[in-house]
Amino acid sequence: MKPAPFVYHAPTSLGAALMLKAEHGDEAKFLAGGQSLIPAMNFRIANPALLVDVNKLAALDYIHVVAGELRIGALTRVQRLEHDPLVRAHWPLLPETVPHIAHPQIRNRSTVGGSLAHADPAAELPVILTALGGRLRLQSSTGERWVGADDFFVSLFTTAIATDEMLVEVAIPAAPARTGTAFMEVARRHGDYAMLGVAVVVTLDAAGACSAARLIFLNAGDRPMNAQRAAAALLGQLPGSAAIEAAASSATEELEPMGSVHATPAYQRHLARVLARRALRLAVQRAN
Amino acid sequence: MQRETMPETHLIQTTVNGQAYERHTEARQLLSDFLRHDLGLSGLHVGCEQGACGACTILFDGQPVRACLMLAVQADGHALLTVESLGTPDKLNVLQSAFWEKHGLQCGYCTAGILMTLTAFLQDNPTPTEHAVRTALSGNLCRCTGYQNIVAAALLAAEQMQPVDSTPQP
Ligand SMILES: Cc1cc2nc3c(=O)[nH]c(=O)nc-3n(C[C@H](O)[C@H](O)[C@H](O)COP(=O)(O)OP(=O)(O)OC[C@H]3O[C@@H](n4cnc5c(N)ncnc54)[C@H](O)[C@@H]3O)c2cc1C
Ligand code: FES
Ligand code: FES
């Protein structure tokens, strides 16, 4: 229950951190909040030869808005998302979700970048970022690129981040007018990873019909799972009970949850239907 | 890269419970072990070493964190508080007395972590509801008490901290 020996560096500039990663590749790991990496090292599931502690890169700890788009630095602690006034006012899905992520003591350390880079299919932030159509900025010692959330999450604990890259920033677009969002999950205990969850984003047109919809499920596959047929079923519909029920049924059919010791796939499917129905109802109400 | 055969050590400067320390620590030493073994602050307990139980909760620059999920080297340049920073056996602080009064502990294994969680919580929420106290405690496991008396103790402490003494609890 103790980490194996490693070499420790805590660079004070992003450039130095990226150089170390470029030089040492897969042997090196970034240490952000450490709330997933340190337990894995304590169990010796992870045995990096070199740790690049990025906690001194204070310049990557920020929340601001650029041309209507929310920008979050990778080192921003998850807890900050719950109380930031800008985020609360314009991206309420984030503060609504944060209390479901672990416990305050863990959120005080865990970072937005670490949570996304870790890419646990049961984690909340990857699902939220996907639902809100976010983008991620990846930087290496030789350049940078932006990747959309839909392409970033590849599979179980696997992302589009290349060996020499670091996730440095996340961008979330402003929501169109008459957009409502909601997040719901069912966990065995408050703060546990959920058995299943869903983030829903619904936009209505002037006539009240659904002009855009997204339903992204948590712990329903090897990455944030996009129920595209369910969303398509809502388009152009007045989102009353019948349309919502049809979409929820469609989601249940298109998902293939893997099941766990806590929940069978059949139970997860049941949760998908119930949570999709409730979250859609709430999102539509909020959009109105 | 060649894996080090000799333990890699770092010199760190940290302030714990108001006292400055300068120590060598092995890179892989957990902060919880550093506080217990190197500084002798054995009030801090270690339950799970995977972030699940909360027994090792300390205040890191004023915020509650898991000491078992941090490295000792990361304490360099920071200020930490452990349960030893609260009252003494002869003179318990308000929160500790409330635990005494309300029978908020049995075996006591979880208590140090819970006291540190509640110390930060009551500073930020001086007049909490019972629900808020329960939510604040969600990251601390107790196998003995069933939590009722811990919640009662937290509420009593909040009441007693009002408004007579508005200075933050140590
Ligand atoms: C008891 C407990 C309960 C938890 N419950 C939940 C929960 O309910 N929901 C949830 O979502 N999470 C939960 N977590 C996980 C927690 O939120 C993690 O902290 C988070 O997933 C990882 O963030 P971190 O900053 O701590 O990353 P770290 O642990 O530091 O790193 C995780 C991984 O990402 C890599 N990495 C970190 N930052 C970057 C970067 N900027 N660029 C590239 N790679 C990077 C690291 O090298 C490492 O491989 C829980 C953790 C614990 C201990
Ligand atoms: S010992 Fe740190 S959380 Fe259990
Ligand atoms: S008093 Fe025994 S674990 Fe809490």
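A word on the site of ligand 1
Item 1. Surrounding ligand 1, one finds 32 residues, the nearest of these being A:Phe30, A:Gly34, A:Leu37, A:Thr111 and A:Glu124.
Item 2. Of the chains in the model, those with residues near ligand 1 are chains A and B.
Item 3. The contact in question runs from a nitrogen atom of ligand 1 to an N or O atom on the side chain of A:Glu124, over 2.7 Å.
Item 4. Here an oxygen atom of ligand 1 and a backbone polar atom of A:Gly191 are 3.4 Å apart.
Item 5. Protein contacts shield 92% of the accessible area of ligand 1, which totals 960 Å² for the unbound molecule.
Item 6. Counting residues per element, the ones that place at least two in the shell around ligand 1 are strand 2 (28–31), helix 7 (112–118) and strand 10 (166–172) of chain A.
Item 7. Examining the composition of the shell around ligand 1, we find that four residues originate from one element, helix 7 of chain A, more than from any other.
Item 8. For the shell around ligand 1, the class distribution of residues is 16 nonpolar, 13 polar and three charged.

Re the side chain of B:Thr14
All names here are of chain B.
Item 1. Along the chain, Thr-14 falls in strand 1 (residues 9–16).
Item 2. Of the residues examined, Thr-14 reaches a relative accessible area of 3% and is grouped as buried.
Item 3. Of note is the side chain of Thr-14, whose polar atom sits 3.4 Å from the backbone oxygen of Ala-75.
Item 4. Non-local contacts of Thr-14, meaning those with residues more than four positions away in its chain, are made with Gln-19, Ala-20, Tyr-21, Phe-34, Ala-75, His-78 and Leu-80.

Focus on a nonpolar patch on the surface
All names here are of chain A.
Item 1. There is a patch of nonpolar side chains on the surface, built from Met-1, Phe-43 and Ile-45 and spanning about 330 Å² of accessible area.
Item 2. Structurally, Phe-43 is set in the loop between helix 2 (37–42) and strand 3 (50–53).
Item 3. Under the relative-accessibility criterion, Phe-43 is labelled partly exposed at 39%.

Comments concerning the pattern of salt bridges
Residues and elements named next belong to chain A.
Item 1. Inspection of every chain in the model, using the stated rule, returns 18 salt bridges over all chains.
Item 2. A salt bridge links Glu-96 to Arg-286; the nearest nitrogen and oxygen atoms lie 2.9 Å apart. Taken together, the residues span a long stretch of sequence, with Glu-96 in helix 5 (residues 93–97) and Arg-286 in helix 12 (residues 265–287) at a distance of 190 residues.
Item 3. With relative accessibility at 23%, the residue Glu-96 sits in the partly exposed group.
Item 4. One salt bridge in this structure joins Asp-192 and Arg-189, with 2.8 Å as the shortest N-O distance.
Item 5. A single network of salt bridges, built from pairs that share partners, joins Glu-69, Arg-71, Arg-135, Arg-137, Glu-144 and Glu-169.

Re the nonpolar core
Item 1. Within the largest apolar cluster, 37 residues are counted, with the highest numbers of intra-cluster contacts made by A:Leu94 and A:Leu116.
Item 2. Counting residues domain by domain, this core receives three or more from each of domain 2 (58–172) and domain 3 (179–287) of chain A.

Focus on the interface of chain B and chain A
Item 1. On the chain A side, the residues contacting the 31 residues of chain B number 33 residues.
Item 2. Buried area between chain B and chain A, both sides added, is near 2,800 Å², and the carbon and sulfur share of it is 56%.
Item 3. For A:Lys2, the salt bridge is made with B:Glu49, and the minimal N-O distance between the two is 2.5 Å.
Item 4. Elements supplying a minimum of two residues to the side of chain B that touches chain A: strand 3 (57–60) and strand 4 (63–66) of chain B.

Observations concerning unusual backbone geometry
Item 1. In this structure, A:Arg44 is a non-glycine residue whose phi angle is positive, near 60°.
Item 2. When its relative accessible area of 41% is taken as the criterion, A:Arg44 is described as partly exposed.

Notes on the sheet that holds strand 6 (residues 135–140) of chain A
Residues and elements named next belong to chain A.
Item 1. A sheet is described by the order of its strands in space; here five strands give the open sequence 4-5-10-6-7, paired in antiparallel fashion. Edge positions in the sheet fall to strand 4 (63–66) and strand 7 (143–148), since each has one partner strand and no second. Mean inter-strand twist for the sheet, computed between neighbouring axes without regard to direction, equals 25°.
Item 2. In this sheet, strand 5 (residues 69–73) lies alongside strand 4 in antiparallel orientation, the contact comprising four bridges.

As for the domain arrangement of chain B
Residue and element names in this part refer to chain B.
Item 1. The domain boundaries assigned to chain B delineate domain 1 (9–84) and domain 2 (94–161).
Item 2. Here the C-alpha centroids of domain 1 and domain 2 sit 22 Å apart.
Item 3. Opposite the 17 residues of domain 1 that make contact, domain 2 presents 12 residues.
Item 4. Regarding the contact of domain 1 and domain 2, the summed buried area is about 1,100 Å², with carbon and sulfur atoms giving 62% of it.
Item 5. Linking domain 1 with domain 2 are zero salt bridges.
Item 6. Between domain 1 and domain 2 we count five residue pairs in polar contact (both at pLDDT 80 or more) in total.
Item 7. Elements represented by at least two residues in the side of domain 1 that touches domain 2 include exactly strand 3 and strand 4.
Item 8. Of the residues forming the side of domain 1 that touches domain 2, the biggest block, three residues, is contributed by strand 3.

Conventions adopted
- Residue numbers run consecutively from 1 along every chain, following the written order of its sequence.
- Lettering for chains starts from A, numbering for ligands starts from 1, and both go in the order in which the items are written.
- Local features in this predicted model are restricted to residues whose pLDDT is 70 or higher, and side-chain atom pairs enter the listing and the counts only when it is 80 or higher, whereas totals over whole chains, interfaces and linings include all residues.
- Values reported for side chains reflect all heavy atoms of the structure, with hydrogen atoms and water molecules removed beforehand.
- When we say a residue is near a molecule or strand, we mean one of its heavy atoms is within 4 Å of it.
- In protein, a polar contact requires one atom able to donate a hydrogen and another able to accept it; more generally it is a pair of N or O atoms within 3.5 Å, and residues adjacent in sequence count only if both atoms are side-chain atoms.
- Surface exposure here means Shrake-Rupley accessible area, sampled with a 1.4 Å probe, where a residue is shielded only by the protein chains that are shown.
- Under the scheme used here, helices are H or I runs from DSSP no shorter than 4 residues and strands are E runs no shorter than 2 residues, and both carry numbers assigned from the N terminus.
- The classification used treats Ala, Val, Leu, Ile, Met, Phe, Trp, Tyr, Cys and Pro as nonpolar, Asp, Glu, Lys and Arg as charged, and all other residues, Gly among them, as polar.
- Relative accessibility thresholds used throughout: buried, under 20% of the residue-type maximum; exposed, over 50%; partly exposed, between the two (1.4 Å probe, protein chains only).
- Contacts are assigned to residue pairs with any non-hydrogen atoms lying within 4.5 Å of each other.
- By definition, no residue in a patch forms a salt bridge, and every one has over 30% relative accessible area; like charges are joined within 9 Å, nonpolar side chains (Val, Leu, Ile, Met, Phe, Trp, Tyr) within 5 Å.
- We define a salt bridge as a side-chain nitrogen of Lys or Arg found within 4 Å of a carboxyl oxygen belonging to Asp or Glu.
- Nonpolar core, defined: a set of buried Ala, Val, Leu, Ile, Met, Phe, Trp, Tyr and Cys residues in which side-chain atoms within 4.5 Å join the residues together.
- How far each domain reaches was decided by an automatic or database domain assignment.
- The quantity reported as buried area is the accessible area (1.4 Å probe) lost by two parts once they are put together, taken as the sum for both.
- Strand pairing is assigned whenever DSSP detects at least two bridges linking the two strands.
- Convention adopted: a line fitted to C-alpha atoms gives each axis, helices being fitted over their contacting stretch, and angles between N-to-C directions are expressed from 0 to 180 degrees.

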